[in-house]
Amino acid sequence: MNHPNEHSNWPTLIDNLHIVLAGPSHKSEDLVRYAFFESLRSSGVELGHFSFEHPHSTVPRAKVDTVLVDPMGQPTMALEVKYHRANPSGMNLPRPQLAGMFIHDLARLAAFPGDIERLALYVTDDEMASYLTNPDNGLTWIMNLQPGQTTNLTTQDIAQRSATFQKAVGDWPDQVTITCRHTADNIAGHWVRGFEVNT
């Protein structure tokens, strides 16, 4: 299987996201995930190499959103997608919990074994973006890292956040290195971030 080139694939992903996020359909994480699937397909990934809700080999009962496999069925890329948007009812979002759930996805990626790419796609609108860019919440790196920049998250970093956040994160590896690969702002009122996760 030919690996998709993430740099050439990114413009197609952004185009797809703009279409679905600006369109009249209901917005959901599945819709964002499908936009990513379509961008990978257009980059040449064969349909038979996708594994959705792939069982995690080291975390009991856990699954990874999307895994790409080689002709022998061995994973070559693991991907988690997280989409947050304002509540249509106008009620406040449980923002510390939602932020913790995204970090939980990063931990799940970090624990995925093998010499593979571990990628996270995060898409959000103004409400969560404003929370994440508030220095008091200790998560500004999610929105502020630029392509090529990295941050290291340790158990101490997680422990400094709120109890609600920590509960959503769950178990955290000793240290995880997160590299920003791509950013895109104001895509139909959304902010898009692509990260690579390594231990």
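Rules and cut-offs
- Residues numbered from 1 in each chain as written.
- Predicted model: local features only at pLDDT ≥ 70, side-chain atom pairs only at ≥ 80, totals over all residues.
- Heavy atoms only, no water.
- pLDDT = per-residue confidence, 0-100.
- Helix = DSSP H or I, 4+ residues; strand = E, 2+ residues; numbered from the N terminus.
- Buried < 20%, exposed > 50% of the residue type's maximum accessible area, 1.4 Å probe, protein only.
- Pairing = 2+ DSSP bridges.
- Right-handed = clockwise from strand over helix to strand, strands pointing away.

Right, let's talk about the confidence of the model for the protein chain for a bit. Confidence in the prediction of the protein chain, expressed as mean pLDDT, is 92, and 96% of residues score 70 or more. Summarising per-element confidence for the protein chain, the mean pLDDT is lowest in helix α1 (residues 6–22) (87) and highest in strand β4 (residues 117–124) (97).

When you tally the buried positions in β4, you get 7 out of 8 residues, the bulk of the element. Pairing analysis gives 8 bridges linking strand β3 (residues 75–84) to β4, with the strands arranged parallel. Among the inter-strand pairings, H84 is bridged to a residue of β4, identified as T124. The β-α-β motif built from β3, the intervening helix α3 (residues 95–110) and the parallel element β4 has right-handed crossover chirality. As paired strands, β4 and strand β7 (residues 191–198) are joined by 6 bridges and run antiparallel to one another. Considered in β7, the bridge of Y122 is made with R193.

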